[in-house]
Amino acid sequence: MMNEQPEVTDIRGWHAHVYFDEASIDQARALCEQAAEQFPDLIKGRVHEKPVGPHPDWSCQLAFRAELFEQVIPWLTLNRGGLTVFIHPITGFDLIDHRDRAIWMGSVRPLNLSALPETSVVYDL
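Keep in mind that this is a model prediction, so the values were computed, not measured.

K.L.:
Before we move on, could you go through the sheet that holds strand 2 (residues 43–48) and cite the residues and values that matter?
P.N.:
Strand order across the open sheet formed by 5 strands is 2-3-1-4-5, with antiparallel pairing between neighbours. Lying at the two open borders of the sheet, with one neighbouring strand each, are strand 2 and strand 5 (103–105). Averaged over all adjacent pairs, the angle separating strand axes in this sheet is 15°, with direction ignored. Note that strand 1 (residues 13–20) and strand 3 (residues 58–65) share 8 bridges and pair antiparallel.

So, in structure tokens, the structure goes:
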């Protein structure tokens, strides 16, 4: 049986979470800084040297409007250098976006879904 989902007609934007560890932090930091330089409208979040929210690993968030998807995702695909990247839409339903609508580049990692509300706050993009 599939999870019942609310009707969504709009993806407001996307979050790409670059995962890393102590050995790959410099690589991840450089990737996120390059993304921010390459895409001036992209918002680079903090580099977290601990798991934050539902994320099982250290991470840095890249937030961008829906219109940038076709530019940012191919760029990350070609430049992630083996880092795992977790990508999810922003529709206003955080739990569903993380659980059912996610895209993974690299290893799929277990998320702590109990950390997520069903609905979300409005994100600045």
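K.L.:
Break down helix 2 (residues 69–79) for me, citing the residues and quoting the values.
P.N.:
What helix 2 keeps buried is the set Val72, Ile73, Trp75 and Leu76. Looking straight down helix 2, one finds that the buried residues subtend no more than 160° of arc, so they occupy a single side. Of the residues in helix 2, the exposed ones pointing more than 90 degrees away from the buried face are Glu70 and Leu78. In this structure, the buried residues of helix 2 make contact with strand 1, helix 1 (25–38), strand 3, strand 4 (85–90) and strand 5. The positive-phi residue at the C-terminal boundary of helix 2 is glycine 81, with phi of around 55°.

K.L.:
Please set out the nonpolar core residue by residue, giving values where relevant.
P.N.:
In this structure, Val18, Leu62, Phe64 and Leu76 are the most contacted members of the largest nonpolar core, which totals 23 residues. For this core, the secondary structure elements donating two or more residues are strand 1, helix 1, strand 3, helix 2 and strand 4. Counting residues per element, this core draws most heavily on helix 1, at 5 residues. Other than its neighbours up to four places away in sequence, valine 18 contacts Ala28, Leu31, Cys32, Trp58, Ser59, Cys60, Leu62, Leu83, Thr84 and Val85.

K.L.:
Kindly report on the state of the cysteines, identifying the contributing residues and their values.
P.N.:
Summed over all chains, the structure comprises 0 disulfides. Between cysteine 32, a free cysteine, and cysteine 60, which holds the nearest cysteine sulfur, the sulfur-to-sulfur gap is 3.4 Å. Among the residues examined, cysteine 60 registers a relative accessible area of 1% and is labelled buried.

K.L.:
Run through the pairing of strand 3, naming residues and quoting values.
P.N.:
Relative to strand 3, strand 2 runs antiparallel, the two sharing 4 bridges. Across the sheet, residue lysine 44 finds its bridge partner in strand 3, namely leucine 62.

K.L.:
Before we move on, could you go through the pattern of salt bridges and cite the residues and values that matter?
P.N.:
Under the counting rule described, the total for this entry stands at 6 salt bridges. Salt-bridge contacts for arginine 109 lead to aspartate 57; the nearest nitrogen and oxygen are separated by 2.7 Å. Of this pair, arginine 109 sits in the segment after strand 5 while aspartate 57 is found in the loop between strand 2 and strand 3, placing the two residues 52 residues apart along the sequence. Accessibility expressed as a relative area gives 29% for arginine 109, which makes it partly exposed. Among the salt bridges present, the one from arginine 99 reaches aspartate 100, with a minimum N-O distance of 2.9 Å.

K.L.:
Explain the environment of leucine 31 residue by residue, including any values.
P.N.:
If you trace the backbone, leucine 31 turns up in helix 1. For the pair formed by leucine 31 and leucine 83, sequence separation is 52 residues and the distance between their alpha carbons is 9.4 Å. Once you skip the residues sitting within four places of it in the chain, leucine 31 turns out to touch Val18, Trp75, Leu76, Asn79, Arg80 and Leu83.

What counts as what
Residues numbered from 1 in each chain as written. Predicted model: local features only at pLDDT ≥ 70, side-chain atom pairs only at ≥ 80, totals over all residues. Heavy atoms only, no water. Pairing = 2+ DSSP bridges. Helix = DSSP H or I, 4+ residues; strand = E, 2+ residues; numbered from the N terminus. Axes fitted to C-alpha atoms, helices over the stretch in contact; angles between N-to-C directions. Buried < 20%, exposed > 50% of the residue type's maximum accessible area, 1.4 Å probe, protein only. Arc of directions from axis to C-beta. Contact = heavy atoms within 4.5 Å. Core = buried A, V, L, I, M, F, W, Y, C linked by side-chain atoms within 4.5 Å. Disulfide = S-S within 2.5 Å. Salt bridge = Lys/Arg side-chain N within 4 Å of Asp/Glu carboxyl O.

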